[in-house]
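Commentary on secondary and tertiary structure
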Amino acid sequence: MGVHGVKAVFFDLDNTLIDTAAAGRRALEGYASCPFKVVNALQSKHHCGEEEARGICDKVQAKLLKECHDPAKMCITDLRISHWEEAIQETIGGEANRNLAAECYFLWKTTRLQHLTLAEDTRGMLTELRKRVRLLLLTNGDKQTQREKIEACACQPYFDAIVVGGEQKEEKPAPSIFLYCCELLGVQPAECVMVGDSLDTDIQGGLNAGLKATVWLNKGMTTPVDTSPVPHYIISSVLDLPAVLQKMEHKMNAQLGTDHTASSNE
């Protein structure tokens, strides 16, 4: 089994296999066919102006991006309700409103989960790929949050194993979590490929652990800064991965042919 030296592929979850960012935006803003989202709720139920409502959501989004969560000190639910509580107070003033903050948080969370889907073409790609190599889902983040996302997008059947960083001693990019994944699948780092959208965690982690190859999903085809880790391959869609693996196979075959010729000449 395997693609000439590749026995396993590790996939990141958020913004790699599922569009978490887009789901979060939909949950905050809503859209014509599904109006009861946070902005709409703040306007219709709590009499916020549209500018105020969007201001609150923008502040929460900023807090989520800078979020630093220590599960030993606070559960993720309390932390994120606090984001909403602070954003509401910063925007409209007055006393802290924990009840309104909790309502907004759970509306956002529920709606986001509803929009986390594993696209049909991605399902097909994973199904075909799993006939040739072992597949593992490797995601950073709070264990409760990530397990809820995994359940919501129903991706479990497509993987031989699922590893959540929040359930381990260390998360990506630490080598230990990658080596744990290798142990789970009974493979060596040099037989594995890491696919993900984050240079700092997915690509740097794969390099740290000595994996055979790292594949950076760069949807916007942006140019990384000079100090960024350098991936072995870059793709603009996760559906391009099979072509990358095929390229690796051809490269390996060519190398084997060269080695055989050199051996014969000797």
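In this text the structure is predicted, and so the values were computed from the model without any measurement.

**Things to note about the side chain of Asn218**
Its place among the elements puts Asn218 in the loop between strand 5 (213-217) and strand 6 (233-235). Asn218 sits in the buried class, given a relative accessible area of 6%. Beyond its immediate stretch of four places on either side in the chain, Asn218 contacts Ile234, Ile235 and Ser236.

**Points about the state of the cysteines**
Evaluated as defined, the whole model comprises 0 disulfides. You can see Cys155 has no disulfide; the closest cysteine sulfur is in Cys153, sitting 3.7 Å from it. Cys155 gets classed as buried once you look at its relative accessible area, which sits at 1%. Free cysteine: Cys182, not disulfide-bonded; nearest cysteine sulfur from Cys192 at 3.9 Å.

**Concerning empty space enclosed by the protein**
Inspection of every chain in the model, using the stated rule, returns 1 cavity of 30 Å³ or more. Counted as a void, the largest cavity has a volume near 60 Å³. In terms of lining residues, the largest cavity is bounded by Arg80, Tyr105, Trp108, Lys109, Arg112, Leu113, Thr145 and Glu148. Here the lining of the largest cavity takes 5 residues from helix 5 (residues 98-114), the largest share from any one element.

**Quick word on the environment of Ala213**
Secondary-structure assignment places Ala213 in strand 5. Ala213 gets classed as buried once you look at its relative accessible area, which sits at 1%. Dropping the residues within four chain positions of it, Ala213 is found in contact with Cys192, Val193, Met194, His232, Tyr233 and Met248.

**Quick notes on the domain arrangement of the protein chain**
When the domains of the protein chain are assigned, the result is domain 1 (8-19 + 117-263) and domain 2 (20-115). If you average the C-alpha positions of domain 1 and of domain 2, the two centres end up 31 Å apart. Opposite the 11 residues of domain 1 that make contact, domain 2 presents 13 residues. In total, domain 1 and domain 2 occlude about 920 Å² of area from one another, counting both sides; carbon and sulfur atoms represent 45% of this. Looking only at domain 1, the three residues that lose the most surface to domain 2 are Asp19, Asp142 and Glu148, adding up to 42% of its buried area.

**So, unusual backbone geometry**
Residue Pro173 is reached from Lys172 by a cis peptide bond, and omega for that bond is 15°. Here Pro173 lies in the loop between strand 3 (161-164) and helix 8 (175-185). Phi angles above zero are rare outside glycine, and Asn15 is one such case at about 65°. With respect to the element layout, Asn15 can be found in the loop between strand 1 (8-11) and helix 1 (20-29). With relative accessibility at 23%, the residue Asn15 sits in the partly exposed group. Although it is not a glycine, Met221 adopts a positive phi angle of roughly 50°. One can find Met221 in the loop between strand 5 and strand 6.

Conventions used here
- Residues numbered from 1 in each chain as written.
- Predicted model: local features only at pLDDT ≥ 70, side-chain atom pairs only at ≥ 80, totals over all residues.
- Heavy atoms only, no water.
- Helix = DSSP H or I, 4+ residues; strand = E, 2+ residues; numbered from the N terminus.
- Buried < 20%, exposed > 50% of the residue type's maximum accessible area, 1.4 Å probe, protein only.
- Contact = heavy atoms within 4.5 Å.
- Disulfide = S-S within 2.5 Å.
- 1 Å grid on protein atoms, 1.4 Å probe; cavity = no way out; pocket = protein on both sides within 12 Å on 5 of 7 lines; lining within 4 Å.
- Points joined across faces, edges and corners; volume = space filled by probe spheres on them.
- Domains from an automatic or database assignment.
- Buried area = accessible area lost by both parts, 1.4 Å probe.

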